[in-house]
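What follows is each chain in one-letter form.
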Amino acid sequence: MRRIEHGPEPGPDSMRVVQAPVPEPGDGEILIEVHFAGVNGPDIAQRQGRYPPPPGASPVLGLEVAGRVARTGGGVTQWREGDLVAALAPGGGYAEYCVVPQGHALPVPSGLSLAQAAGLPETWFTVWANLVDRAGLKSGERLLVHGGSSGIGLAAIALAKLRGASVFVTVGSADKARFCVEFGADAAIDYKQEDFVERIRQITHKEGVDVVLDMVGGTYLQKNVSALRRDGRLVMIAFQQGSKVEFDFLPVMIKRLSVTGSTMRPRSVAEKTAIRDALLREVWPALGRGEIRSHLFATYPLEQASEAHRVMESSRHIGKLVLQVR
Ligand SMILES: NC(=O)c1ccc[n+]([C@@H]2O[C@H](COP(=O)([O-])OP(=O)(O)OC[C@H]3O[C@@H](n4cnc5c(N)ncnc54)[C@H](OP(=O)(O)O)[C@@H]3O)[C@@H](O)[C@H]2O)c1
């Protein structure tokens, strides 16, 4: 099969297509004939050497795929050969075949293409685990999402709407702000033009938000705490501006805040399967009915994975980028 290899240089041009053996599905696993593979922020970090794969995971890039079940391993009960699925992969998605545990796959939501479906798992598993499981976002609450136009950001907007929460986002341009509001955000703040803490104070009549989903870190950490109201929750999923800061914890005590975060990739098969089950129950039907949407920005042939990474790093995109594998 063809797959992408990267390194030893950290840049996008170090990615190239190579020939490799087709992986074997083990017990409880399925082999997927990959049609499309999603591109995610963590792929960039892994390529740059900042996010090594956890022990036992494929070192090949790619955390989500969509395609056809080509073969099932021993004890697989949930899928049959020929089923069309979208799946969270432990790695190895940038390839013609990819092995995943059966409990990490979902059906392609009705009305969505395989290309669209390939862009769902990584962002939806992540936003569900962080906004629902960790932050306990409830109906009627207010959410602030940084990076609102990212793959993660758009899924967070959709999840907030699904749960009956208000959602505000920060973005780096007026075009992204317009897109996010059209997509369902209640307000979008261009962080290059205005201070998000001040805008959140205005929008919420000085009350603040209940939950912040942060992928920026650095100077945002203290500001996030300022934007939160009493009993608020700060959830961190990335530190694009760094994870080390001088930080005043006093507001955490005064406002009874909770500070948390998580990563998806190192979780156990059972933990990811539990998230899959929740998505299947709570989110997939709404995607199938068109009540919530995803947004595919562009599709690149597997051979142009470097270009897809360059676009993602430039932040020109809105929503998801996917690779067409066959
Ligand atoms: N913890 C986990 O389990 C997990 C799982 C998946 C992804 N992630 C992380 O989540 C982030 C998003 O992933 P993705 O795949 O959706 O990538 P992406 O589409 O490339 O998103 C990155 C976003 O960061 C925004 N950004 C950068 N600096 C910012 C700032 N100062 N203020 C506000 N926004 C800023 C960019 O928007 P602008 O152009 O508007 O600045 C861009 O939309 C990545 O950092 C990724 O590593 C974490």
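Predicted model only: the values in this text are computed from it and were never measured.

1. Describing the packing of aromatic side chains
Moving on, step 1. Within the structure shown, the criterion is met by three aromatic pairs.
Moving on, step 2. Aromatic pair Phe179 and Phe183: ring centres 5.9 Å apart, planes at 20°, arrangement stacked. You can see Phe179 and its partner Phe183 sitting in helix 5 (residues 174–183), four residues apart, about one turn around the helix. Here the two residues Phe179 and Phe183 agree in accessibility, since each one is buried.
Moving on, step 3. Both rings, one in Phe247 and one in Phe249, keep their centres 4.6 Å apart while their planes meet at 70°; by these two values the pair is edge-to-face.
Moving on, step 4. The exposed category is assigned to Phe249, whose relative accessible area is 53%.
Moving on, step 5. Geometry around Tyr97 places Arg326 over its ring, the cationic atom sitting 5.3 Å from the centre.

2. Overview of the site of the ligand
Moving on, step 1. Near the ligand lie 28 residues; those nearest to it are Gly172, Lys176, Tyr191, Tyr220 and His317.
Moving on, step 2. One nitrogen or oxygen atom from the main chain of Gly172 is found 2.6 Å from an oxygen atom belonging to the ligand.
Moving on, step 3. Here an oxygen atom of the ligand and a side-chain polar atom of Ser315 are 2.8 Å apart.
Moving on, step 4. Look at the ligand: alone it shows 900 Å² of surface, and the protein chains cover 89% of it.
Moving on, step 5. The site holding the ligand turns out to be the largest pocket.
Moving on, step 6. Contributing elements (two or more residues each) for the shell around the ligand: helix 1 (41–47), helix 3 (121–134), helix 4 (151–162) and strand 9 (166–171).
Moving on, step 7. Here the residues of the shell around the ligand sort into 11 nonpolar, 15 polar and two charged.

3. Brief notes about the layout of surface pockets
In this approach the atoms are scanned with a rolling probe the size of a water molecule, which exposes any empty space left behind.
Moving on, step 1. As a volume, the largest pocket reaches approximately 1,400 Å³.
Moving on, step 2. Gly41, Pro42, Met215, Ala238 and Gln240 are the residues nearest the centre of the largest pocket, which is lined by 47 residues in total.
Moving on, step 3. If you list the elements that add at least two residues to the lining of the largest pocket, you get helix 1, helix 3, helix 4, strand 9 and helix 11 (305–314).
Moving on, step 4. Its residues assigned to classes, the lining of the largest pocket shows 18 nonpolar, 22 polar and seven charged.
Moving on, step 5. Its boundaries defined by the atoms lining it, the second largest pocket holds a volume of some 230 Å³.
Moving on, step 6. Considering the residues around the second largest pocket, the lining is formed by 16 residues, among which Pro23, Ser58, Gly91, Gly92 and Val99 are closest to the centre.
Moving on, step 7. A total of three residues in the lining of the second largest pocket trace back to one element, the largest contributor, which is strand 6 (residues 97–101).

4. Examining the sheet that holds strand 10 (residues 187–190)
Moving on, step 1. Reading across from one edge, 10-9-8-11-12-13 is the order of the six strands in this open sheet, with parallel pairing throughout. Each edge of the sheet is formed by a strand with only one pairing partner; in this case those strands are strand 10 and strand 13 (258–261). Within the sheet, the average angular offset between the axes of one strand and its neighbour, ignoring direction, is 20°.
Moving on, step 2. Note that strand 8 (residues 142–146) and strand 11 (residues 209–214) share three bridges and pair parallel. For Leu143, the partnering residue across the bridge sits in strand 11 and is Val211.
Moving on, step 3. Against the sheet, helix 6 (residues 196–203) makes contact with strand 8, strand 9, strand 10 and strand 11, and its axis sits at roughly 155° relative to strand 10, the strand it touches most.

5. A short note on the nonpolar core
Moving on, step 1. One finds Trp124, Leu143, Val169 and Leu279 to be the most contacted residues of the largest nonpolar core, which totals 66 residues.
Moving on, step 2. The biggest single contributor to this core is helix 4, with eight residues.
Moving on, step 3. The residues touching Val169, leaving out its near neighbours within four places in the chain, are Leu144, Val145, Gly148, Ile157, Cys180, Ala185, Ala187, Ala188 and Ile189.
Moving on, step 4. Core analysis: the next-biggest nonpolar cluster, separate from the first, contains 30 residues, Val85, Tyr94, Tyr300 and Ala305 among them.

Calculation criteria
- Residues numbered from 1 in each chain as written.
- Predicted model: local features only at pLDDT ≥ 70, side-chain atom pairs only at ≥ 80, totals over all residues.
- Heavy atoms only, no water.
- Phe/Tyr/Trp six-rings, centres within 6.5 Å; stacked < 30°, edge-to-face > 60°.
- Helix = DSSP H or I, 4+ residues; strand = E, 2+ residues; numbered from the N terminus.
- Buried < 20%, exposed > 50% of the residue type's maximum accessible area, 1.4 Å probe, protein only.
- Lys NZ or Arg CZ within 6 Å of the ring centre and 35° of its normal.
- Near = heavy atom within 4 Å.
- Polar contact = N/O pair within 3.5 Å; in protein donor to acceptor, adjacent residues only side chain to side chain.
- Areas by Shrake-Rupley, 256 points an atom, 1.4 Å probe, with all protein chains shown as cover.
- 1 Å grid on protein atoms, 1.4 Å probe; cavity = no way out; pocket = protein on both sides within 12 Å on 5 of 7 lines; lining within 4 Å.
- Sits in = over half its atoms within 2 Å of the grid points.
- Nonpolar A, V, L, I, M, F, W, Y, C, P; charged D, E, K, R; others polar.
- Points joined across faces, edges and corners; volume = space filled by probe spheres on them.
- Pairing = 2+ DSSP bridges.
- Axes fitted to C-alpha atoms, helices over the stretch in contact; angles between N-to-C directions.
- Contact = heavy atoms within 4.5 Å.
- Core = buried A, V, L, I, M, F, W, Y, C linked by side-chain atoms within 4.5 Å.

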